[in-house]
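# Topology and contacts: notes
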Amino acid sequence: MREIPLAIRIAVPVALGILLLGLWEILVRAMDVPKFVLPPPSAIGAALAEDFPSLLASLWVTLRITMEAFVIALMGGLFFAILSARSRLFELCLFPYAVILQVTPVVAIAPLILIWVGIEHLERALLILATIVAFFPILSNTTLGLKSVNPELNALFKLYGASPWQRLTRLDLPNALPYLLAGMRISGGLALIGAVVAEFVAGSGNGTGLAWRVVESANELNIPRMFAALALLSGLGLVIFFLMVGLQHFLLRRWHESAVQRES
Amino acid sequence: MALYPSADGSGIGGLTVKAARPLIRLAGVGKTYSTGTVAVAETSLDIGHGEFISLLGPSGCGKSTLLRMIAGLADPSTGTIDWPTSDYDARGRAKPKLGFVFQEPTLMPWATVFENAYLPLRLAKVPRKAAAGRVMAALASVGLERFATAYPRQLSGGMKMRVSIARALVTEPAILLMDEPFAALDEITRFKLNDDLLRVFRAQGLTVIFVTHSVFESVYLSNRVLVMSARPGRVIADLPIAAPYPRGDDFRTSLHYGELCRAASAELHRAMAGADGEH
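If you're wondering where the values come from, they're calculated on a predicted model, not measured in any experiment.

Reading the values: the criteria
Residues numbered from 1 in each chain as written. Chains lettered and ligands numbered in written order. Predicted model: local features only at pLDDT ≥ 70, side-chain atom pairs only at ≥ 80, totals over all residues. Heavy atoms only, no water. Helix = DSSP H or I, 4+ residues; strand = E, 2+ residues; numbered from the N terminus. Buried < 20%, exposed > 50% of the residue type's maximum accessible area, 1.4 Å probe, protein only. Contact = heavy atoms within 4.5 Å. Areas by Shrake-Rupley, 256 points an atom, 1.4 Å probe, with all protein chains shown as cover. Domains from an automatic or database assignment. Buried area = accessible area lost by both parts, 1.4 Å probe. Salt bridge = Lys/Arg side-chain N within 4 Å of Asp/Glu carboxyl O. Polar contact = N/O pair within 3.5 Å; in protein donor to acceptor, adjacent residues only side chain to side chain. Pairing = 2+ DSSP bridges. Axes fitted to C-alpha atoms, helices over the stretch in contact; angles between N-to-C directions. Phe/Tyr/Trp six-rings, centres within 6.5 Å; stacked < 30°, edge-to-face > 60°.

Our focus in this paragraph is the overall build of chain B. The secondary structure content of chain B amounts to eight helices and nine strands. Taking all 279 residues of chain B together, the buried fraction comes to 55%. For chain B, the share of sequence-separated contacts (at least 6 apart) that also reach a separation of at least 24 residues comes to 71%. In the structure as shown, chain B presents an accessible area of about 12,400 Å², 55% of it carried by carbon and sulfur atoms.

Once that is clear, we can look at the domain arrangement of chain B. All names here are of chain B. Segmentation of chain B into domains returns domain 1 (2–97 + 174–273) and domain 2 (107–172). Here the C-alpha centre of domain 2 lies 26 Å away from the C-alpha centre of domain 1. With both sides pooled, the region where domain 1 packs onto domain 2 buries about 960 Å², and carbon together with sulfur makes up 66% of that total. Summed over the three residues of domain 1 that lose the most area to domain 2, namely Lys97, Leu176 and Leu193, the buried surface amounts to 35% of that side. Taken together, domain 1 and domain 2 are joined by one salt bridge. Between arginine 162 and aspartate 196 there is a salt bridge whose closest N-O contact spans 2.7 Å. For the pair domain 1 and domain 2, the interface holds two residue pairs in polar contact (both at pLDDT 80 or more). By residue number, the principal contributor to the side of domain 1 that touches domain 2 is helix α5 (residues 187–203), which donates six residues.

With that settled, consider helix α2 (residues 113–123) of chain B. Here α2 of chain B lies mainly inside the structure; 11 of its 11 residues are buried. All of the buried residues along α2 of chain B are Val113, Phe114, Glu115, Asn116, Ala117, Tyr118, Leu119, Pro120, Leu121, Arg122 and Leu123 of chain B. Contacts from the buried residues of α2 of chain B go to α7 (151–159) and α8 (164–202) of chain A together with α3 (128–141) and α4 (157–169) of chain B. Within two residues after α2 of chain B, lysine 125 of chain B carries a phi angle of roughly 65°, on the positive side.

All names here are of chain B. Extensive coverage of strand β9 (residues 234–240) is indicated by the burial of five of its seven residues. Here six bridges tie strand β8 (residues 224–229) to β9, and the two strands are oriented antiparallel to one another. Bridge pairing in β9 places leucine 226 opposite aspartate 238. Here β8 folds back onto β9, and the loop between the two strands holds four residues, one of which, arginine 231, carries a positive phi near 45°.

All names here are of chain B. Reading across the sheet, the three strands line up as β2-β1-β4 and stay open at both edges, with antiparallel pairing between neighbours. Two strands lie at the open edges of the sheet, namely β2 (38–47) and β4 (78–82), each paired on one side alone. Averaged over all neighbouring strand pairs, the angle between strand axes comes to 15°, with direction disregarded. Seen against the sheet, helix α1 (residues 63–71) touches β1 (24–32), β2 and β4 and runs at an angle of roughly 125° to β1.

With that settled, consider the packing of aromatic side chains. Residues and elements named next belong to chain A. Following the criterion strictly, the structure yields 15 aromatic pairs over all chains and no others. When the ring of phenylalanine 80 is compared with that of phenylalanine 90, the centres are 6.1 Å apart and the planes differ by 10°; the resulting orientation is stacked. In this pair, phenylalanine 80 sits in helix α3 (residues 52–86) while phenylalanine 90 sits in helix α4 (residues 88–103), placing the two residues 10 residues apart along the sequence. Residue classification places phenylalanine 90 among the partly exposed residues on the basis of a relative accessible area of 27%.

Contact residues are listed per partner, giving 23 residues for chain B and 19 residues for chain A. Both faces combined, the contact of chain B with chain A buries some 2,100 Å², and carbon together with sulfur accounts for 67% of it. Among the residues chain B hides against chain A, the three largest losses belong to Trp110, Leu123 and Arg153 of chain B. Together they make up 36% of the total. Between the two partners, chain B and chain A, sit two salt bridges. A salt bridge links glutamate 257 of chain A to arginine 153 of chain B; the nearest nitrogen and oxygen atoms lie 3.9 Å apart. The interface formed by chain B and chain A contains two residue pairs in polar contact (both at pLDDT 80 or more). At the level of elements, α1, β5 (98–101), α2 and α4 of chain B are the ones that each hand at least two residues to the side of chain B that touches chain A.

Listed below in structure tokens is the structure:
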């Protein structure tokens, strides 16, 4: 199959989007659908423009929680993955609890976390909940990557008297990089979902995140603003996704089969 | 077990008698796995400086295990491996300068050809600038100096194996241990690499221990072929290959080569018959 040029790969979905938005606008106007059921794109655009400063502030709150949760999950996941790969005992102890944390719905533990950190530290609760959601893919993927080193390469490092540090930085971590990046791609999206879901459940602190703006707009039946907040959330999710894809491509493009451009 | 009395210190067939200080002296070296399987029966052997030795035997005869014990990658269950002429480390263990070539190229896919060949020196904390000359010389010795910035995935199987050999040579080892390095290559590439290996062996005054299951390859390369039998692995024949180097196509097509191959082949058949007799 021939490689489709980047311009076309971008132009086609954008054209389709414009077409669908136009269709939406025309149908809503023609059928006279009430604004509080389905507002036309123009009304959503107007709401976005009108409330832009406050929506942007909300976007920033959600973005900050998402990024902080992601960074903590990344550091923690990497740290515990290295310990797990080093010590079988540590892995045996850690993994059952990591799995329990992973399979328990975050919605269900949100009230508990809220009580523990105190209602006055609401943003901290959101951060903890988002981190819990984003943590596991990093941990499990990186552990897998650290443990899947070619045994002959391991023997080679032993033969040349590599120190544990050299083995980690020159062999285990580079080998785990594709796995780590795959985990980061999942966790980036999950951190945002975690931040939003936690805010839905726990409510909002001093700074109001986008999730709370959706709830608030629904309560006021301001559906155009709700759509505007949703659009910003989708946009944020897309930016995170493409950043991760870009990072993956940039770091693996020279050597990993997943990212290498092949000529047919 | 009683069917297989282990080789004693006298060597096999009296052919291992060498100069007083061999490069390696194996005394009663054996390997038994925890399952009770005897991979290598007690083996005693002297390996002299500058020898090119092939360990020839059927699959599963323990030749790779014996090689790995010599490299220090596996611990013998019995016996000792001495390096009478090597330096010793702080704990009194021999620190021979050796290079090891695995059956697979065993390259780091995330690193360039240069980085791969530089690895042994990097692990020995030789700065990149100081090492660059030696790395490029090692790559040049296998004809890869123009591919220093390529990644392994861009290379053919034969070229990857050359990188692997360059990496083994970069520390300027006294001995090169090779574990069926060319088994996965096509015959044309294999002949080419055989000739390149002999050139490096002669140019650098190496000692080589070469594991193979090919009679023709072992006779072409070595000045001494050790034939091993399976279950338990032990050396059943020690054949000198008295043909002068350099060797080339003339040797490969000579009557003498044919006779030597026939003799090695006969020993290999004996080795395999012995293994079958165990059932």
